[in-house]
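Structural description and commentary
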Protein chains: 2
Amino acid sequence: MSLKVVIYGGCGALGRNIVSHFKSNNHHVTSIDLMSNDAADQNVLIKNLNSWQDQHAEVVDGLGSLLGKQKVDAIFCVAGGWAGGNAASQNYVKNCDMMWKQSVWSSTIAGNLASKFLKQGGLLTLTGAAPALEGTSGMIGYGLAKAAVHQLCKSLSDSSSGLPVNSSVLCIAPVTLDTPMNRKNMPNADFSSWTPLEYISETFLVWAKGEKRPASGSLLKVETASGATTATPV
Amino acid sequence: MSLKVVIYGGCGALGRNIVSHFKSNNHHVTSIDLMSNDAADQNVLIKNLNSWQDQHAEVVDGLGSLLGKQKVDAIFCVAGGWAGGNAASQNYVKNCDMMWKQSVWSSTIAGNLASKFLKQGGLLTLTGAAPALEGTSGMIGYGLAKAAVHQLCKSLSDSSSGLPVNSSVLCIAPVTLDTPMNRKNMPNADFSSWTPLEYISETFLVWAKGEKRPASGSLLKVETASGATTATPV
């Protein structure tokens, strides 16, 4: 059975991996991002970066015009980014603002997309971060945005959240993903403690098929040690 | 000894109570809000509601011009608001945006004010919400913004947050405050289970004097039952 899925952030390192993995398994993929992912079947382009409401309208309209009355099996929100800085940093508020837009705007909009376009029993995933389970003084904007996403997952998993009946909402909280950017920025790290993108993509595929889904609302800490990855509810 | 304090949100119900309480105890109060609080010694007016960075610059400049090189004993961020709605609500993103600006912009800017204007050993308080410790499907934007504030408190309490040495950062998480607006919106509620604003104001005064401060980074659930209020670290 071919699944129909939406990847919000389909041009990031994780997003591209997910798009490719679903395509190589013959599923139908729509990417939402600032640019087109040519590996996807269709793309929604985001142009509005200045207003949360305008970006929301743009994405709803764009996806709606592609899907019509069709519903999708899963929506994966993997949009996000990273920026550091403490409360005294020159770029503190600028980076808080950027992290908010990249992680919180995308995740909340994905929640509304799920209310409109997800099948009953469908799957929505959000992307948090394990470090945000504690304080993150050296990356304050990143941590607070990811903490907001963690709590959003709990809200959206409630039966009165506005999402379709029996849908599952899951939030991954990786420690470190093995991306080209992370390898570039931390060239001397132990890469065997980083989570391969393929692990996330394959896990999402299994969940999208309705298999091995953790309880809706779960926040899953994704850790890798000596090349072995686990996803543990916290 | 007269204390010098800053109240971010000095024109809200809680903010006005704090301003009056500190003034009646002969302390020096600066209010930051959209309008002047005439009970305060001085006011910083916020005009920029459209840009996080511009609002930050406006508040830093305004407070800096009033304080000069003086440092303050405490900064209380009690700005915030409330809006409901689930992920399918018409005003979902609009309300998420409003909640983010009211709670997260103010709290993060207060963090930077603390890095610039707080004395060593001074106090910064933030305002969270007990419901945001769990999912909040009927008020999604409110819950995620308050969850971000809870995590911000942990970040700012770290010794490498950029705040002055030995400062304390505390976040209150009330269940329900006994405000005129809440009485108007919930006229049939049991008011004896709501927290009097005077409790918060007096607690802040005690903490500002350096007395009975919980460990920095604490999130304090503020609950009232039969007219008796407790603040318990969670």
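Please refer to the structure higher up on the page.
What this report covers is the structure whose coordinates are included nearby. No experiment lies behind these values; they were computed from the predicted model shown.

Superposing chain B onto chain A takes a rotation of 180° combined with a translation of 0.0 Å along the rotation axis, leaving an RMSD of 0.0 Å. Here the symmetry operator amounts to a two-fold rotation axis. The position closest to the rotation axis in chain B is occupied by the C-alpha of A148(B), lying 2.4 Å away. A high fraction, 97%, of the interface residues of chain B reappear at the interface in chain A, so the copies pair face to face through one surface.

Here the focus is helix α1 (residues 13–24) of chain B. All names here are of chain B. End to end, α1 covers 17 Å across twelve residues, agreeing with the expected 16 Å (1.5 Å per residue, within 8%). Of the residues making up α1, those classed as buried are L14, G15, N17, I18, V19 and F22. On the buried face of α1, the contacting elements are β1 (4–8), β2 (28–33), β4 (72–77) and α6 (197–208). Taken from the residues just after α1, N26 is the one with a positive phi, measuring 65°.

For the rest of this paragraph, the subject is the pattern of salt bridges. Residue and element names in this part refer to chain B. Counted under the stated rule, the structure contains ten salt bridges over all chains. A salt bridge links D41 to K23; the shortest N-O distance between them is 2.9 Å. Of this pair, D41 sits in the loop between β2 and β3 (42–45) while K23 sits in helix α1, placing them 18 residues apart in sequence. Using a relative accessible area of 38% as the deciding quantity, one classes D41 as partly exposed.

Okay, unusual backbone geometry next. A positive phi is found at N166(A), a non-glycine position, where the angle reads about 65°. Looking at the secondary structure, you find N166(A) in the loop between α4 (140–156) and β6 (168–174). Judged by relative accessible area, which is 64%, N166(A) ranks as exposed. A positive phi is found at S226(B), a non-glycine position, where the angle reads about 50°.

Moving on: the packing of α4(A) against helix α4 (residues 140–156) of chain B. Remark: α4(A) packs on α4(B), axes separated minimally by 8 Å, with the N-to-C direction vectors making an angle of 140°. In terms of orientation, α4(A) and α4(B) fall into the oblique class. The interaxial crossing formed by α4(A) with α4(B) has right-handed handedness. Facing α4(A), whose interface residues are I140(A), G143(A), L144(A), A147(A), A148(A), Q151(A), L152(A), S155(A) and L156(A), α4(B) presents I140(B), G143(B), L144(B), A147(B), A148(B), Q151(B), L152(B), S155(B) and L156(B).

On a regular strand, one side chain projects to one face of the sheet and the next to the other, so that they alternate. All names here are of chain B. Burial within strand β6 (residues 168–174) is extensive, with seven of its seven residues counted as buried. As judged from the five bridges shared by strand β5 (residues 118–127) and β6, these two strands associate in the parallel manner. From the neighbouring strand, L123 faces β6, where its bridge partner is S168. Here four bridges tie β6 to strand β7 (residues 219–225), and the two strands are oriented parallel to one another. Residue pairing across strands places C171 opposite L219, the latter belonging to β7.

The next subject is the interface of chain B and chain A. Facing 39 residues of chain B, the contacting portion of chain A comprises 39 residues. Counting each side, the surface lost to burial between chain B and chain A is near 3,100 Å², with a carbon and sulfur contribution of 64%. Of all residues in chain B, the largest losses of buried area upon contact with chain A belong to W52(B), V93(B) and Q151(B), amounting jointly to 19% of the total for that side. Where chain B packs against chain A, one counts zero salt bridges. Linking chain B to chain A there are 22 residue pairs in polar contact (both at pLDDT 80 or more).

Taken as a whole and judged by the stated rule, the model has 15 aromatic pairs over all chains. When the centroid spacing of 5.5 Å and the interplanar angle of 85° are considered together, the rings of W52(A) and W100(A) count as edge-to-face. Pair noted here: W52(A) is in helix α2 (residues 52–67) and W100(A) is in helix α3 (residues 92–117), with a separation of 48 residues, a long-range link. Judged on exposure class, the residue W52(A) and its partner W100(A) are both buried. For the pair F76(B) and F204(B), a centre-to-centre distance of 4.8 Å together with 5° between the ring planes defines the contact as stacked. Placement of the pair is F76(B) in strand β4 and F204(B) in helix α6, with a sequence separation of 128 residues. By the ring-pair criterion, three or more aromatic residues cluster together here, those being W52(A), W100(A), W105(A), W52(B), W100(B) and W105(B).

What counts and how
- Residues numbered from 1 in each chain as written.
- Chains lettered and ligands numbered in written order.
- Predicted model: local features only at pLDDT ≥ 70, side-chain atom pairs only at ≥ 80, totals over all residues.
- Heavy atoms only, no water.
- Least-squares fit on C-alpha atoms with pLDDT ≥ 70 in both.
- Contact = heavy atoms within 4.5 Å.
- Helix = DSSP H or I, 4+ residues; strand = E, 2+ residues; numbered from the N terminus.
- Expected span 1.5 Å × (residues − 1).
- Buried < 20%, exposed > 50% of the residue type's maximum accessible area, 1.4 Å probe, protein only.
- Salt bridge = Lys/Arg side-chain N within 4 Å of Asp/Glu carboxyl O.
- Axes fitted to C-alpha atoms, helices over the stretch in contact; angles between N-to-C directions.
- Parallel < 35°, antiparallel > 145°, perpendicular 65-115°, else oblique.
- Left-handed = near helix turned anticlockwise from the far one by under 90°.
- Pairing = 2+ DSSP bridges.
- Buried area = accessible area lost by both parts, 1.4 Å probe.
- Polar contact = N/O pair within 3.5 Å; in protein donor to acceptor, adjacent residues only side chain to side chain.
- Phe/Tyr/Trp six-rings, centres within 6.5 Å; stacked < 30°, edge-to-face > 60°.

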